[in-house]
Amino acid sequence: MPESYDTAMRRLRSMEKKLSKNDNLKREYCEQINNLLKNGYAEPAPNPSTSERLWYLPHFAVTHPQKKKVRLVFDAAARTNGKCLNDALLTGPDLIRSLLGVLVRFRQGRVAVSADIKEMFLRVKIRKEDRDSLRFLWRNNMNENPQEYRMTSLIFGAASSPCTAIYIKKSQRLRI
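Numbering of residues begins from 1 in every chain and follows the order in which that chain's sequence is written. With the structure being a predicted model, the display of local features is reserved for residues of pLDDT at least 70 and the display and counting of side-chain atom pairs for 80 or more, all residues being used for whole-chain, interface and lining totals. Values shown for side chains rest on all heavy atoms present in the structure; no hydrogens or waters enter the calculation.

Asker: Please set out the overall build of the chain residue by residue, giving values where relevant.
Answerer: For the chain, the count of helices and strands is 4 helices and 5 strands. Strands here are runs of E lasting at least two residues and helices are runs of H or I lasting at least four, both read from the DSSP assignment and numbered beginning at the N terminus. The order of helices and strands in the chain, counted from the N terminus, is α-α-β-β-β-α-β-β-α. Along the three orthogonal principal directions, the C-alpha set of the chain runs to about 60 × 40 × 30 Å. Categorising residues by exposure relies on relative accessible area from a 1.4 Å probe, with only protein chains included: less than 20% of the type maximum marks a residue as buried, more than 50% marks it as exposed, and the intermediate range marks it as partly exposed. The 176 residues of the chain split such that 37% are buried.

Asker: Give a detailed account of unusual backbone geometry, specifying residues and quantitative values.
Answerer: In this structure, the amide linkage connecting N47 to the following residue, P48, adopts the cis form with an omega of -5 degrees. Among the secondary structure elements, P48 is positioned in the loop between β1 (42-44) and β2 (59-63). We note that N81 has phi near 50 degrees; this positive angle belongs to a residue other than glycine. Assignment of secondary structure puts N81 in the loop between β3 (70-74) and α3 (99-106). Residue class for N81 comes out exposed when judged on its relative accessible area of 69%.

Asker: Now, about the layout of surface pockets: what can you tell me, with residues and values included?
Answerer: The distinction between a cavity and a pocket rests on a 1 Å grid over the protein atoms alone: a 1.4 Å probe fits inside a cavity but cannot get out, while a pocket stays open yet meets protein on both sides within 12 Å along at least five of seven lines, and a residue with an atom within 4 Å of a point counts as lining. Grid points are joined across faces, edges and corners, and a volume is the space filled by probe spheres set on the points. Considered as a void within the structure, the largest pocket measures approximately 1300 Å³ in volume. Lining the largest pocket are 40 residues, with A115, D116, I117, K118 and M120 sitting closest to its centre. Mapped by element, the contributors of at least two residues to the lining of the largest pocket are α2 (23-38), β2, β3, α3 and α4 (161-175). Among the residues forming the lining of the largest pocket, the class breakdown is 24 nonpolar, 6 polar and 10 charged. Residues were grouped as follows: Ala, Val, Leu, Ile, Met, Phe, Trp, Tyr, Cys and Pro as nonpolar; Asp, Glu, Lys and Arg as charged; and all remaining residues, including Gly, as polar. Residues belonging to the lining of the second largest pocket are distributed by class as follows: 15 nonpolar, 6 polar and 5 charged.

Asker: Pulling in residues and values, what's your account of the pairing of β3?
Answerer: Burial of β3 is extensive: 4 of the 5 residues sit out of reach of the surface. Across 5 bridges, the pairing between β2 and β3 is antiparallel. Bridge assignment links T63 to a residue of β3, and that residue is V70. Being paired, for any two strands, means DSSP has found at least two bridges between them. Where β2 hands over to β3, the hairpin turn is made up of 6 residues, of which K68 adopts a positive phi near 60 degrees.

Asker: Help me get a handle on the nonpolar core, residues and values and all.
Answerer: One finds Y29, W138 and M151 to be the most contacted residues of the largest nonpolar core, which totals 35 residues. Every residue pair with non-hydrogen atoms within 4.5 Å of one another is taken to be in contact. Ignoring any residue separated from it by four or fewer positions in sequence, one finds W138 in contact with L12, L19, Y29, C30, I33, H59, P146, Q147 and Y149. Nonpolar cores are built from buried Ala, Val, Leu, Ile, Met, Phe, Trp, Tyr and Cys residues. Side-chain atoms within 4.5 Å join them into one set.

Asker: Lay out helix α1 (residues 5-20) with the relevant residues and their values.
Answerer: In this model α1 runs 22 Å from its N-terminal to its C-terminal C-alpha over 16 residues, within 8% of the 22 Å that 1.5 Å per residue would give. Burial in α1 covers these residues: T7, A8, M9, L12, M15, E16 and L19. The span expected for a helix works out to 1.5 Å for each residue beyond the first.

Asker: Lay out the pattern of salt bridges with the relevant residues and their values.
Answerer: For this document, the term salt bridge refers to a Lys or Arg side-chain nitrogen within 4 Å of an Asp or Glu carboxyl oxygen. For the structure shown, the criterion picks out 11 salt bridges. We note a salt bridge from R150 to D132, for which the minimum N-O separation is 3.2 Å. Here the residue R150 occupies a position in strand β5 (residues 147-151), and D132 occupies one in the loop between α3 and β4 (135-138), the gap between them amounting to 18 residues. Here R150 and D132 have matching classes, each one buried. Connected through salt bridges with shared partners, the residues E43, R131, D132, R135, E148 and R150 form a single ionic network.

Here it is, written out as structure tokens:
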């Protein structure tokens, strides 16, 4: 994989410009980063890295139009010299149940139950030897040098994350 630090740095500067124009977005974005660190979903990256699989991910904010909640997305599709992290990941099979099947099963019983797993991707841990492929840059102050962090959990934005999360969920259900 090519060196991706410069791409991540350029995108960080671009994100900082956007945040500087919107105090509310900046506050929520910083809260999201702090949440990742506080809950152990991300950690300071060791320097220097000893991994041969080193990749820096740009990140950006996505706001759901109805929920108005800011979600941090890591751009695994960001290209550096024609390559991106998603090129190196296997997407796996589509494990998401079809809507038609869900609707048919919904009508089988007298009561239907629906649920949502909070922070589903973030609850799936990444092996330590693979974490340097999920590095990102962040700084609270634009006048300081950015710090290097790495994700310890699945990310929003990787092609493999949906299949991995659903596979883990299904395998955990079998253990109950």
